[in-house]
Amino acid sequence: MSNENKWVLEMHQIECCNCSHGCGCQSAGYPDSDTGGCEALLGFYVKSGYLGDVDLTGVKVVFAASWPKAIHEGDGSAILFIDSAASEAQVGATATIFSGQAGGMPFEALAGTFTSVEGPIISDINMVTDDYRASFSIADTVHVQHIPLKDPMTGEDKKVSISFPEGGFLWNEGIIGTTEAMSLNHSAFSFEHVGNFAAKAEVKWGN
């Protein structure tokens, strides 16, 4: 592989979906939502990364996805948002990676599950990468706020994590919470799910 096609991304990943707190998709391959499908919002902050000679450090991304059944069964729709602070070269490189065109996991595998993709849409993305109260938003379009799970007896915050000792599809260890806000309002598709699965993780992906 030529150096111009190599990429690595070390990122904060903020995710939430309509599954219960264990996320059936990542644990057993099938969503446990009421509809049998998966609707998810993911935010990414690139701590360090590149595609070829394009430095992607500091780029913020929001990825919205909707699948009618299990993710691996396909027919999904996606929307890619990239922060307006990114340069033209950074937008192009980020879109190339997230679309799976540059190869490498997990994007290469996910790309085959979508039948329609909108974007990249350039937007002002606000993001907080706190482990227990992460958030990201795009005015009038996306609003996500993580909060910790609560102990029902004491009302105190619970610290919960899920780990995949042999490596997970998206992350190896995630800090698990829930959502105080989780909504998407877009012409491609819209949804709102509050009080379901949320995870904050550190990821390193590449090809």
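Residues numbered from 1 in each chain as written. Predicted model: local features only at pLDDT ≥ 70, side-chain atom pairs only at ≥ 80, totals over all residues. Heavy atoms only, no water.

> Describe the overall build of the protein chain, with residues and values.
What the protein chain contains, in helices and strands, is three helices and 15 strands. Per-residue burial for the protein chain yields a buried fraction of 49% across its 207 residues. Pairs at least 24 residues apart make up 66% of the contacts formed inside the protein chain by residues separated by at least 6 positions. (Helix = DSSP H or I, 4+ residues; strand = E, 2+ residues; numbered from the N terminus. Buried < 20%, exposed > 50% of the residue type's maximum accessible area, 1.4 Å probe, protein only. Contact = heavy atoms within 4.5 Å.)

> Help me get a handle on helix α2 (residues 88-98), residues and values and all.
Listing the buried residues of α2 in full gives Gln90, Val91, Ala93, Thr94, Ala95, Ile97 and Phe98. Remark: glycine 100 follows α2 within two positions and exhibits a positive phi of approximately 85°.

> Explain unusual backbone geometry to me, using residue names and the numbers behind them.
Methionine 105 connects to proline 106 through a cis peptide bond whose omega is 5°. Turning to its location among the elements, proline 106 is positioned in the loop between α2 and α3 (107-111). Geometrically, the link from glycine 119 to proline 120 is a cis peptide bond, its omega value of 10° lying close to zero. Note on placement: proline 120 falls in strand β6 (residues 114-123).

> Go over the packing of aromatic side chains, please, and point to the residues and values.
With the rule as written, the count across this model stands at eight aromatic pairs. Considering the side-chain rings of phenylalanine 189 and phenylalanine 191, the 6.1 Å spacing of their centres and the 25° angle between planes classify their relative orientation as stacked. Accessibility expressed as a relative area gives 13% for phenylalanine 189, which makes it buried. Clustering of aromatic rings is evident, with ring pairs tying together Trp7, Phe44, Phe98, Phe107 and Trp205. (Phe/Tyr/Trp six-rings, centres within 6.5 Å; stacked < 30°, edge-to-face > 60°.)

> Can you lay out the nonpolar core for me, pointing to particular residues and giving the numbers?
Ranked by size, the top nonpolar core spans 40 residues in total, and within it Leu56, Phe63 and Phe98 carry the most contacts. Among the elements of the structure, β1 (7-17), β2 (38-51), β4 (60-67), β5 (76-83), α2, α3 and β15 (198-206) are those that each provide at least two residues to this core. Phe81, Met182, Phe189 and Ala198 belong to the second-largest nonpolar core, a separate cluster that totals 19 residues. (Core = buried A, V, L, I, M, F, W, Y, C linked by side-chain atoms within 4.5 Å.)

> Talk me through the side chain of threonine 141; I want residue IDs and the actual numbers.
You can see threonine 141 is positioned in the loop between β8 (135-138) and β9 (142-147). Here threonine 141 falls in the buried class, since its relative accessible area comes to 18%. Excluding residues within four positions of it along the chain, threonine 141 makes contact with Phe81, Ser183, Leu184, Asn185 and His186.

> Requested: an account of the pairing of β5, with residues and values cited.
Burial analysis of β5 places seven of its eight residues in the buried class, the great majority of the element. With seven bridges connecting them, β5 and β6 associate as parallel partners. Looking at β6, one finds that phenylalanine 81 is bridged to isoleucine 121. (Pairing = 2+ DSSP bridges.)

> An account of the state of the cysteines is requested, with residue identities and associated values reported.
Counting across every chain of the model gives zero disulfides. For cysteine 16, which is in no disulfide, the shortest distance to another cysteine sulfur is to cysteine 17 and amounts to 7.5 Å. (Disulfide = S-S within 2.5 Å.)

> Could you give me a rundown of the side chain of histidine 12, with the residues and numbers involved?
By the element assignment, histidine 12 lies in strand β1. Other than its neighbours up to four places away in sequence, histidine 12 contacts Gly43, Phe44, Tyr45, Lys47, Thr129, Lys200, Ala201 and Glu202.

> Quick rundown of the pairing of β8? Include the residues and the values.
Both faces of β8 are covered, namely the face carrying Ser135 and Ser137 and the face carrying Phe136 and Ile138. Where strand β7 (residues 126-128) lies against β8, three bridges are found, and the strand directions are antiparallel. When the bridges of β8 are listed, asparagine 126 appears paired with serine 137. What sits between β7 and β8 in their antiparallel hairpin is a turn of six residues.

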